[in-house]
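# Analysis of the macromolecular model
Here is how the chains run, residue by residue.
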Amino acid sequence: MNTNIFLMELRRHLRGILIWCAVLVGLNAFMMLFYPLVIESGVFEHLNTLFSNPFFKGMLTTFGVDMKSMTSALGYYVTYNAIYTMLLGSLVAILLGSGLLAREEKEKTAEFLLTKPVTRGEVLNSKMAALGVLITGLNLAVVLAGFVLLAVFTDAPYDVGAFLTVSWQTWLLMLAFGAVGFLVAALAKRARAVTGACLGIVLGFYIVSGLSRVSESTRAFGFISPFRFVQTDIIAGASSGGWWRAAYFIGLAALCVLGSHLVYRRKDILL
Amino acid sequence: MTDTAHRLAIETRGLTKFYKKTRGIEDVDLEVEPGEIFGFIGPNGAGKSTTIRTLLSLLYPTRGEGRVFGLDILRDSKAIKRRVGYLPAEVNFYDRLKVGDLLAYSARFYGVVDGRRTRELAERFKVDLERDFTDLSLGNKKKVAILAALIHSPELLILDEPTGGLDPLIQARLTETLREENARGTTIFYSSHVLSEVQKICGRVAILKGGRVVGVEEISSLRQKQLKKVRLSFSKTPEPGAFDLEGVHELEVKDRDCRFLFDGRIGDLLALLAGMPVNDVTLEEPDLEEVFLHFYKDSEDE
């Protein structure tokens, strides 16, 4: 790890992450604004009949929406959080991870950085550390804002433990996607295709995870997607399987980190 | 490969790099003595940058080996880079950073935190440390890269086309700075496709063509066989055999115009021309391609 690189990456990407903090918190706040209105109008009761139709129910399930849990403040928050924070956050993480590496090649700054007295491993570690700090900061901001939003928009008590469970799983999910981003960038022969590949990976997994929830027969299939490992049905029951979920995310991240190291160490930097 | 008593600044043995099937360099053998200014010339695409990038482990050699100050280019790359300053042919730095911040970032890698040398060099090369790097012109970007390469007073400077984009004044300042650095013991590896530029500053020169080193020459001996391109225009068609002079090569006569390469004594040529009805004469330095074709015809016939 090289502190010089680490600090420079923090500095260069701080602004982007701050903007994303604002976007995610803003989206969550925007949705929470409607919560009192939605409850008051009893719109969920009306919709319930409509959404008992299997087609619409399937569609909602794809996006992780469960009508029953939507009526509680936490359920409502977590549902939207799953769409905004999880999906957008994962995109931010994978693009940041891949960009930290691939942009050096695309913008040809790798020739500057890699002729400095640092090993390729140190370059990777410093950039990964920067990603860890930035993504953790982003999550902290969103979670803290979540606490505030829940306090502002509901008087009813909610399950803080459940909220924290969703939060740490989302955090680990993003870190894992960040690591995937590094691996994609390390594997890419030419840096230009990296962004597209990363978008495809996240969106693809998101859709697979959503579709798999539709029916019982496809449930197991969903676990090829990291998104499926975040427990979003937390309101319906107690949180379960915390350890193996954590182990999965950490394991996935560790594999990608290891893979990136192996590939990047001997990679030809073509400019 | 090297005995400890005599460590070469750069030494390669059979250094080869293929990009999949495409040849980058093949069996490059180099020996650069510590303290010398070593030229590395060849036409575009000869493999100059590939050699340099392999030495700096941006590229992984297909086979062969290389050492810098006796250190292996693969295993000891970090230790090598601590002692090397590199000026790339094409300069790219991070966006949205001030020149001063970029240079400080670069210097910190070598543990240089004192900004005095940066300011000295900035003064000398007229670099504005407060400007945003992205806004600089090509030549000014190059100047920033020169500073970045010099800031930590490296023992070996590797320069890839260092004068590209620089105005003549700054070029001269660079040459002067390189001489000073060299006088302090810095070894300089100077890659260029401009022969005259290399001739000005280098002691020895390796000539690269088609990915292979086709010759290593002392500049002084290259000077002796200095080649001139001569173009003449006469008021009437010259007689056949009029240029029967030692050192005339590849003579072409077309009506009243004629051209040839000349590596004989200039005095003899002038004496010959004095007695001829010459309308116009151009004496110029041939481009590198012509020099290679002339001197290294044999090595090409493989």
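What this report covers is the structure whose coordinates are included nearby. The structure displayed is predicted, hence computed values, not measured ones. (Residues numbered from 1 in each chain as written. Chains lettered and ligands numbered in written order. Predicted model: local features only at pLDDT ≥ 70, side-chain atom pairs only at ≥ 80, totals over all residues.)

### So, the overall build of chain A
Keep this limit in mind: A run of H or I in DSSP counts as a helix once it spans at least four residues, and a run of E counts as a strand once it spans at least two, with each numbered from the N terminus. The globule rule used for comparison is 2.2 Å times the number of residues to the exponent 0.38, while the radius of gyration itself is calculated over C-alpha atoms. Three exposure classes are used. Buried residues have 20 or more other C-beta atoms within 10 Å of their own C-beta, exposed residues have 12 or fewer, and partly exposed residues fall in between, all C-beta atoms being placed from the backbone. Throughout, a pair of residues is in contact if the C-beta atoms placed from their backbones lie within 7 Å.
Scanning chain A from terminus to terminus reveals eleven helices and zero strands. Taken from N to C terminus, the helices and strands of chain A fall in the order α-α-α-α-α-α-α-α-α-α-α. Taken against the 2.2 N^0.38 rule, which gives 18 Å for 271 residues, the C-alpha radius of gyration of chain A at 20 Å falls within 12% of a compact globule. Each principal axis of the C-alpha atoms in chain A carries an extent, and together these give about 65 × 40 × 30 Å. Per-residue burial for chain A yields a buried fraction of 42% across its 271 residues. Across chain A, every contact between residues at least 6 apart in sequence was considered, and the portion connecting residues at least 24 apart equals 81%.

### Comments concerning the interface of chain B and chain A
Taken residue by residue, the interface counts 17 residues in chain B and 17 residues in chain A. Among the elements of the structure, helix H2 (77-82) and helix H3 (99-108) of chain B are those that each provide at least two residues to the side of chain B that touches chain A. The element that contributes the greatest number of residues to the side of chain B that touches chain A is H2(B), accounting for three residues.

### Side note on the sheet that holds strand E10 (residues 212-218) of chain B
The strands that make up a sheet pair up through hydrogen bonds in the backbone, lying either parallel or antiparallel. All names here are of chain B. This is how it is decided: Two strands pair if DSSP finds at least two bridges between them. The axes used here are C-alpha line fits, helices contributing only the stretch in contact, and every angle between their N-to-C directions lies in the interval 0 to 180 degrees.
The six strands are arranged E6-E7-E8-E3-E9-E10 in an open sheet whose pairing can be described as mixed. Only two strands of the sheet have a single partner each, and these edge strands are strand E6 (84-87) and E10. Recorded for the sheet is a direction-independent mean angle of 15° between the axes of neighbouring strands. Along the sheet, helix H1 (residues 48-55) makes contact with strand E3 (37-41), strand E7 (156-160), strand E8 (187-192) and strand E9 (204-209), crossing E7 at roughly 145°. Sitting on the sheet, helix H5 (residues 138-150) touches E6 and E7, and the angle it makes with E6 is about 170°.

### Structural notes on the packing of helix H1 (residues 3-33) of chain A against helix H6 (residues 73-106) of chain A
Residues and elements named next belong to chain A. Applied cut-off: Roughly parallel refers to an angle under 35 degrees, roughly antiparallel to one over 145, roughly perpendicular to one between 65 and 115, and oblique to any angle outside these ranges. Less than a right angle of anticlockwise turn of the near helix away from the far helix marks a crossing as left-handed, whereas a clockwise turn marks it as right-handed. Gly is put with the polar residues, along with every residue not named as nonpolar or charged; the nonpolar set is Ala, Val, Leu, Ile, Met, Phe, Trp, Tyr, Cys and Pro, and the charged set is Asp, Glu, Lys and Arg.
Close contact between H1 and H6 brings their axes to 10 Å; oriented N to C, the two are set at 165°. Compared by their axis directions, H1 and H6 come out roughly antiparallel. Every pair of crossing elements has a handedness; the one defined by H1 and H6 is right-handed. Counted together, Glu9, His13, Trp20, Leu24, Leu27, Asn28, Met31 and Met32 of H1 and Tyr77, Tyr80, Asn81, Tyr84, Thr85, Leu88, Gly89, Val92, Leu96 and Leu100 of H6 form the full contact between these two elements. Counted by class, the contact of H1 with H6 contains twelve nonpolar, five polar and one charged residues.

### Section: the pairing of strand E11 (residues 228-234) of chain B
Residue and element names in this part refer to chain B. Two strands pair when backbone bridges link them, and E11 and strand E13 (residues 257-262) are joined in this way by six bridges, in the antiparallel orientation. Residue Ser233 lies in a different strand from E13, and its bridge partner there is Asp257. Two elements, E11 and strand E14 (residues 278-284), share six bridges in a ladder whose sense is antiparallel. When the bridges of E14 are listed, Ser233 appears paired with Asp280.

### Some words on unusual backbone geometry
Residue and element names in this part refer to chain B. Even without being a glycine, Ser57 presents a positive backbone phi close to 55°. As for its position among the elements, Ser57 is in the loop between H1 and strand E4 (63-68). With a phi close to 50°, Glu250 is a non-glycine residue in the positive phi region.

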